[in-house]
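So the chains spell out like this:
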Amino acid sequence: MNTLAAYGLLAHALIFGAAAALLPLGELRPRAALVATAVALLGGIAPAMHSLFGTPSLTLLQLAILQLTNRMPSPFGYRPALILLAFAALFYPAALGWGASDPYALGYQPWALLTALAPLAVALWWRRLDAWLLILAVDLAGYAGGLFVNLWDALFDPLLVLLAALIVGRRLLLRLIASRLR
């Protein structure tokens with residue numbers, strides 16, 4: 001088993017445990033998250049997730065670890081999820097060939113992408129969004145360390161976009177329900 005496959009299995013187990021940590025179990029949440037992580041790793045859930053979703057991004061893994069450590073509030077709220085969805089709505093169709101250029105190919109020779117990320121890092125630092133700045137730094141370190149061959153794979157993945165869609169959809173559903181109750 002190579003490093004990327006091992007990372008994928010461990011990351012999916014942690015992601016499954018983080019999802020279990022969202023359940024309203026009171027004081028049993030930490031234990032349930034630990035048990036869910038172990039069951040996912042040993043019971044075949046993590047390999048199934050890995051085969052279905054592919055290797056998770058370091059961003060998603062870090063958000064899962066923050067959830068497992070009970071860091072509240074999560075830095076991945078409505079606004080970051082909405083920004084990711086808007087970006088993904090442009091990125092994925094172009095990456096799938098629905099345009100003249102392939103943005104995914106930029107991740108293999110990422111100097112232009114890294115140059116574009118520098119102002120983002122400055123903006124995160126300026127706004128004191130330290131959690132996101134640390135997430136970006138770990139993503140870049142994972143890419144520089146050779147864990148990922150494409151920088152985009154370290155930054156985001158389809159499962160993270162699905163999570164963003166759930167966050168945005170939940171907010172919109174709650175607003176719709178609240179407007180109906182008035």
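For the structure given in this document, a descriptive report is provided here. (Residues numbered from 1 in each chain as written. Predicted model: local features only at pLDDT ≥ 70, side-chain atom pairs only at ≥ 80, totals over all residues. Heavy atoms only, no water.)

1. A closer look at the nonpolar core
- Membership of the largest hydrophobic core comes to 34 residues, with the highest contact counts inside it found for Phe-76, Leu-84, Leu-155, Phe-156 and Leu-160.
- Put simply, the parts of the chain that give this core at least two residues each are helix H1 (3-20), helix H4 (58-68), helix H5 (78-95), helix H6 (111-126), helix H7 (130-144), helix H8 (151-155) and helix H9 (158-181).
- Per-element accounting of this core gives the leading share, 6 residues, to H4.
- Other than its neighbours up to four places away in sequence, Phe-76 contacts Leu-63, Ala-81, Leu-84, Trp-132, Leu-160, Leu-163, Ala-164 and Ile-167. (Core = buried A, V, L, I, M, F, W, Y, C linked by side-chain atoms within 4.5 Å. Buried < 20%, exposed > 50% of the residue type's maximum accessible area, 1.4 Å probe, protein only. Helix = DSSP H or I, 4+ residues; strand = E, 2+ residues; numbered from the N terminus. Contact = heavy atoms within 4.5 Å.)

2. Considerations on the packing of aromatic side chains
- Taken as a whole and judged by the stated rule, the model has 12 aromatic pairs.
- Measuring from centroid to centroid gives 5.5 Å for Phe-87 and Phe-91, while their planes differ by 20 degrees, and the two rings are stacked. With Phe-87 and Phe-91 both in helix H5 and 4 residues apart, the pair spans about one turn of that helix.
- For Phe-91, a relative accessible area of 5% corresponds to the buried category.
- Residues Trp-152 and Phe-156 carry aromatic rings whose centres are separated by 5.8 Å and whose planes lie at 80 degrees to one another, so their mutual orientation is edge-to-face. Taken as a pair, Trp-152 and Phe-156 share a single burial class, namely buried.
- Within the aromatic cluster, the residues linked to one another by ring pairs are Phe-87, Phe-91, Tyr-92, Trp-152 and Phe-156.
- A cation over a ring is seen here: Arg-175 above Tyr-78, with NZ or CZ 5.7 Å from the ring centre. (Phe/Tyr/Trp six-rings, centres within 6.5 Å; stacked < 30°, edge-to-face > 60°. Lys NZ or Arg CZ within 6 Å of the ring centre and 35° of its normal.)

3. Description of the side chain of Asn-150
- Within the secondary structure layout, Asn-150 lies in the loop between H7 and H8.
- The buried category is assigned to Asn-150, whose relative accessible area is 0%.
- Of the polar contacts made by the side chain of Asn-150, one reaches the backbone oxygen of Tyr-104; its length is 3.0 Å.
- Only 2.8 Å separates the side chain of Asn-150 from the backbone nitrogen of Trp-152, close enough to count as a polar contact.
- Other than its neighbours up to four places away in sequence, Asn-150 contacts Tyr-104, Gly-107, Tyr-108 and Tyr-143. (Polar contact = N/O pair within 3.5 Å; in protein donor to acceptor, adjacent residues only side chain to side chain.)

4. Here's the deal with the layout of surface pockets
- Size it by volume and the largest pocket reaches roughly 870 Å³.
- For the lining of the largest pocket, the secondary-structure elements that each account for two or more residues are H4, H5, H6, H7 and H8.
- Among the elements that line the lining of the largest pocket, the one with the most residues is H7, at 6 residues.
- Class assignment of the residues belonging to the lining of the largest pocket gives a composition of 22 nonpolar, 1 polar and 5 charged. (1 Å grid on protein atoms, 1.4 Å probe; cavity = no way out; pocket = protein on both sides within 12 Å on 5 of 7 lines; lining within 4 Å. Points joined across faces, edges and corners; volume = space filled by probe spheres on them. Nonpolar A, V, L, I, M, F, W, Y, C, P; charged D, E, K, R; others polar.)

5. Some thoughts on H5
- Its 18 residues place the ends of H5 25 Å apart at the C-alpha level, agreeing with the 26 Å of an ideal helix rising 1.5 Å per residue.
- Every buried residue belonging to H5 is among Ala-81, Leu-84, Ala-88, Phe-91 and Ala-94, and all of these are buried.
- In this structure, the buried side of H5 is in contact with H8 and H9. (Expected span 1.5 Å × (residues − 1).)

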